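Read off the chains here:
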Amino acid sequence: MSIAALREVGVDYPRGAALGPFSLEVAAGEIVALVGPSGCGKSTAMRLLAGLEPPTRGQVTRAAGRCETAVVFQAPTLAPWLSARANAALPLELAGTARSDAFRRADAALARVGLAGAEAARPAQLSGGMAMRVSLARALTTEPKLLLLDEPFAALDEITRRALADDVLRLWADIRPAIVFVTHNVEEAVYMASRVVVMTRGPGRTAGDIAVAGPLPRSPGFRTTEAFRATVETVSQALAQGMAA
Amino acid sequence: MRRLIDLLAPVALIAVLLGAWETACRALQIPSYFLAPPSAIGAALVADAPGLLKAAGYTVSNALMALLLASLLAQALALTVTLSRTLERAVQPLTVILQVTPVIAIAPLVNIWAGTDHPGRAIIALATIVAFFPIYSGAVTGLRAVDPDLMRLFDLYGANRFQRLWRLRAPSAVPFVLEGHKVAAGLAIVGAVVAEFVAGSGKVQGLAWRILDAGYRLQTARMFAALFVLGLMGAVLYALLQWAERAGLRWWRGRSGLAGGGSALKS
């Protein structure tokens, strides 16, 4: 079942074309990685999937409603004046859920991302990785059908990146949302995704749609397998071709 | 040790300057109506203390009342104009004109409107006008300075106009509004004193009147004493507002690990 689809979409900004024509179909429960050169329109594609902006051309279909879609940005994007708990509860409260109920579910989401005990902390008291986890918990409180991650680990160090990637896969195993995530890191894309979509340089089109063998969620041992290395090589080649196109 | 030196340095500089001033007055035999030596100013300060305190109370209470009024008006207007860009554009020229017109120039007019029997009203009105702008401009800037990603998130979760204003814009504006109040507090004192000068009559017993009165009598030491109290009052008010700003910011963003040398939570 398709959760969201972009069909031959194009987006033009005053400074020129940003995306397209580009198509992407996301099935329920799959993890899709979007990789491509800077400025190819990955973030634009994410905004289309989220329904945050309309395409100039083409068609966007979304089976997931607004409240069933969640976005995690490159920065944690937390409200500094709210506690981790209140930040995580924000989507529920905006949708009209009673505060006590919203806080209870926020606490559960924080516990899921390993932040039990930090509910009352403010963003300024958290490390970059912890703040990113709060952002992830906020996305999970609504139990989304579609989770969009826009370079969520770009600002973090390698160890934190890997830990968070495993966390995301663990959370995926719990509630099985469809995940679309943008990354510049080919190995991260292959490690986390069931499918890697490679984009050409801007305005981005599809340069490759590569399935990753091996069941999800993956164990860290997957990084050492021959299949992993071969897929990384295939994606890298598609990326190089996309750059030249 | 470093803190002690930081604390003592300004005190030492003031002591040296006062010493030089006293010595120069005595050595050059400067007439006291022209420049009173610090010792005479000190004596005037002690002798005039009850009157000066009463005058300072009058001035500061007017300034605080003006600050309160300016705060309420500025924030209410800022919230209103945030609802519409057109409204903000319509109001902007008026607020700028109000800001760039010297308060001393509009004082006679405000005096007439307030009625010569109520100089206190004129003083509060003028000080309010002066204190209004920093709070207003801080609030408008703050209400607009919202993290665009946080705004997108509110869009995604279908927040309505009211939720956007109360749950996103207003809290985002807090640091800007606090800074605006700090600047406005000093300006409210300036506004109150300028207004006292213009509205000056027997009924206005503020510090400006003390300065004018001593000036007419060529009692320079008493003028300096009133100026000293005025400066001290401004500094104390500024320090209080700075403390309030820090406390407000601590409440706003929580006890920051950056200020406290690291937090237990950071991993």
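Before reading on, note that the structure itself is shown above.
The rules we used
- Residues numbered from 1 in each chain as written.
- Chains lettered and ligands numbered in written order.
- Predicted model: local features only at pLDDT ≥ 70, side-chain atom pairs only at ≥ 80, totals over all residues.
- Pairing = 2+ DSSP bridges.
- Helix = DSSP H or I, 4+ residues; strand = E, 2+ residues; numbered from the N terminus.
- Axes fitted to C-alpha atoms, helices over the stretch in contact; angles between N-to-C directions.
- Contact = placed C-beta atoms within 7 Å.
- Core = buried A, V, L, I, M, F, W, Y, C linked by C-beta atoms within 7 Å.
- Buried ≥ 20, exposed ≤ 12 C-beta atoms within 10 Å, placed from the backbone.

A. View of the sheet that holds strand β7 (residues 178-182) of chain A. All names here are of chain A. One open sheet holds the six strands; their spatial order is β5-β6-β7-β3-β8-β9, and the pairing between them is mixed. Sheet topology places β5 (69-72) and β9 (206-211) at the edges, where each strand pairs with a single neighbour. Adjacent strand axes in the sheet meet at a mean angle of 15 degrees when their direction is disregarded. Two strands pair when backbone bridges link them, and strand β3 (residues 31-35) and strand β8 (residues 195-199) are joined in this way by four bridges, in the parallel orientation. The partner of Leu34 across the bridge, within β8, is Val197. Sitting on the sheet, helix α4 (residues 128-140) is in contact with β5 and β6 (146-150), with an inclination near 170 degrees to β5. Across the face of the sheet, helix α7 (residues 226-244) comes into contact with β3, β8 and β9 while running at roughly 170 degrees to β9.

B. Local environment of the interface of chain A and chain B. Contacts between the two partners involve 23 residues from chain A and, on the opposite side, 24 residues from chain B. If you list the elements that add at least two residues to the side of chain A that touches chain B, you get β5, α2 (84-94) and α4 of chain A.

C. How the structure looks around the nonpolar core. One finds Ala33 and Val196 of chain A to be the most contacted residues of the largest nonpolar core, which totals 87 residues. With eight residues, α4 of chain A is the largest single contributor of residues to this core. Setting aside residues no more than four positions away along its own chain, Val196 of chain A makes contact with Ala33, Val35, Ala189, Val190, Ile210, Val212 and Val235 of chain A. Counting 58 residues, the second largest nonpolar core, distinct from the first, contains Ala131, Ala184, Leu207 and Met223 of chain B.

D. Examining the environment of Thr95 of chain B more closely. All names here are of chain B. By the element assignment, Thr95 lies in helix α3 (residues 85-100). Judged by the 19 C-beta atoms lying within 10 Å of it, Thr95 falls in the partly exposed class. The spacing of Thr95 and Glu179 is 84 residues in sequence and 19 Å in space, taken between C-alpha atoms.

E. Fine view of α2 of chain A. Extensive coverage of α2 of chain A is indicated by the burial of eleven of its eleven residues. Residues Ala84, Arg85, Ala86, Asn87, Ala88, Ala89, Leu90, Pro91, Leu92, Glu93 and Leu94 of chain A constitute the buried set of α2 of chain A. Against α3 (99-112) and α4 of chain A together with α6 (148-156) and α7 (161-198) of chain B lie the buried residues of α2 of chain A. One or two residues past the end of α2 of chain A sits Gly96 of chain A, with phi positive at roughly 100 degrees.

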